[in-house]
Amino acid sequence: MERIFAEYYIETPYEVEQAAAVLAGEQSSGTFVSVPGETAELKQRFAARVEHIEKLDLVDEPSIPGNAIPGKKYQRAKVQVSWSIENFGYNLPVLISTLQGNLYEISQFTGLKLMDFDVPDSFKNHFKGPRFGIQGSKASCGVGDRPMIGTIIKPSVGMSPEQTAALVQTLIDAGIDFIKDDELMGSTANSLFNDRVNVIMKVINEHAHKTGKKVMYAFNISDEIDAMQRKYEHIQKNEGTCAMISINSVGLSGTKKICDQGDLVIHGHRNGWGMLNRHPLLGIEFPAYQKIWRLAGVDQMHVNGIQNKFWESDDSVVKSIQSCLKPFVCGNNPLPVVSSGQWGGQAPETYRRTQTTDLLYMAGGGILAHPMGATAGVNALQQAWKAAVDGLSVEEAALQYPEFAASVKKFSK
């Protein structure tokens, strides 16, 4: 019978083998004490198995609250556990409950993080995965062998639909590929969702009719499921191409319900990510996280950015980008969305470490605050990426491209 395999990074004051057995039991057929119905036959068929243990370092203090035992050190380890697919079939919420359920509360652990998981090939018969992903997103905007260049509407909230549409016009005229609502923007008192879609798509459609290039705008449809469906349909009615969902806020089933429609590119915003990942021994790592949302069908995934304004390290960002680019059992590879304090100066290092232009590279202030204007801001980002692919340093690129040189002067720390 096919099995699901998951890898955890754990910390425990107990024997690792004992703690791993508790994890496997709690997340399958067992509980804190043997019960009459847990027969050998049942366990053979449904109990989780500890497949592999790799002991790592010992530490003196627990990383998170748990069973603190005086005089004991805390063992860290990598543990691989597997489950029969018979335990949950192709029920995605139950699969996630199995991989990430009560195990975070088990007192034997003073640290536990889901690092990655693998599912059998049969999942491709039940999950379509991202319909558009990298290639579909780039093709929709007419982008070839460079990253999509994008930005976010700022101020996040407060502008009227007409003011937002005027900014969209400026960005389109500047040569932008992608624009998105901020995650804080839903349907405010002075900018109702339908009104905003109407005027923005009028600007986008008129430009597409004149030039043949259709800018992608990700409208934030995050809401209750029925309301999201209505918003999705309103985007379709106005010939939009993309909807944004705050996936941690909406949840797995709600996001998948919208992805299953299959007509719009789904931009997955991961706001709240730090709550799930920031502690090194609690939560989930991005390689596992992005697989969950690929199964749901999300086409574009935020991955932070090199030299970002948040807490995440460059190594973590690179790992996240690489995980999106790896094939999975279903659908297209999701487009990594690079953002957070980005301007052209990070492009050379981003390319050096990832060797890919299959990105959505988003800059807010890096475009709108460019000293020569928004058009120069977009040009500077495109120049930066051409220079990066050509192997030029920031200094060499600044000598060659005046718009980029102006951004270096403005944004270099």
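Not measured: the values here are computed from a predicted model.

Novice: What is the right way to look at the pairing of strand β7 (residues 216-220) in this model?
Specialist: For a regular strand, the rule is simple: side chains alternate between the two faces of the sheet. With five of five residues buried, β7 lies mostly within the body of the structure. Of the two faces of β7, both are covered, the one formed by Met 216, Ala 218 and Asn 220 as well as the one formed by Tyr 217 and Phe 219. Once you follow strand β6 (residues 178-180) into helix α6 (residues 193-211) and on to β7, the crossover reads as right-handed. Pairing between β7 and strand β8 (residues 242-246): three bridges, direction parallel. When the sheet's bridge partners are listed, Phe 219 is paired in β8 with Ala 243.

Novice: Help me understand empty space enclosed by the protein in this model?
Specialist: Enumeration over the complete set of coordinates arrives at one cavity of 30 Å³ or more. Space inside the largest cavity adds up to approximately 60 Å³. Forming the walls of the largest cavity are Ile 153, Pro 155, Ser 156, Val 157, Gly 158, Met 159, Thr 164, Asp 181, Asp 182, Met 185, Arg 196 and Tyr 217. Its residues assigned to classes, the lining of the largest cavity comprises six nonpolar, three polar and three charged.

Novice: Hey, could you run me through the packing of aromatic side chains in this one?
Specialist: Aromatic rings considered in pairs are described by the distance between their centres and by the relative angle of their planes. This model, assessed by the stated rule, comprises 12 aromatic pairs. Taken together, a centroid distance of 5.0 Å and an interplanar angle of 65° make the contact between Tyr 90 and Phe 123 edge-to-face. A residue pair is termed long-range when its members are at least 10 positions apart, and Tyr 90 in the loop between β3 (74-84) and α3 (92-100) and Phe 123 in the loop between β4 (111-118) and α4 (133-140) qualify at 33 residues. What makes Tyr 90 partly exposed here is its relative accessible area of 29%. A centroid spacing of 5.3 Å and a plane angle of 80° characterise the contact between Tyr 361 and Trp 385, whose relative ring orientation is edge-to-face. On the criterion of sequence distance, the pair formed by Tyr 361 in strand β13 (residues 360-362) and Trp 385 in helix α15 (residues 374-389) is long-range, its members being 24 residues apart. Each residue in the set Trp 273, Phe 286, Tyr 289 and Trp 293 is aromatic and connected to the rest through ring pairs, giving one cluster. Just above the ring of Phe 193 sits the side chain of Lys 231; from NZ or CZ to the centre is 5.2 Å.

Reading the values: the criteria
Residues numbered from 1 in each chain as written. Predicted model: local features only at pLDDT ≥ 70, side-chain atom pairs only at ≥ 80, totals over all residues. Heavy atoms only, no water. Buried < 20%, exposed > 50% of the residue type's maximum accessible area, 1.4 Å probe, protein only. Helix = DSSP H or I, 4+ residues; strand = E, 2+ residues; numbered from the N terminus. Right-handed = clockwise from strand over helix to strand, strands pointing away. Pairing = 2+ DSSP bridges. 1 Å grid on protein atoms, 1.4 Å probe; cavity = no way out; pocket = protein on both sides within 12 Å on 5 of 7 lines; lining within 4 Å. Points joined across faces, edges and corners; volume = space filled by probe spheres on them. Nonpolar A, V, L, I, M, F, W, Y, C, P; charged D, E, K, R; others polar. Phe/Tyr/Trp six-rings, centres within 6.5 Å; stacked < 30°, edge-to-face > 60°. Lys NZ or Arg CZ within 6 Å of the ring centre and 35° of its normal.

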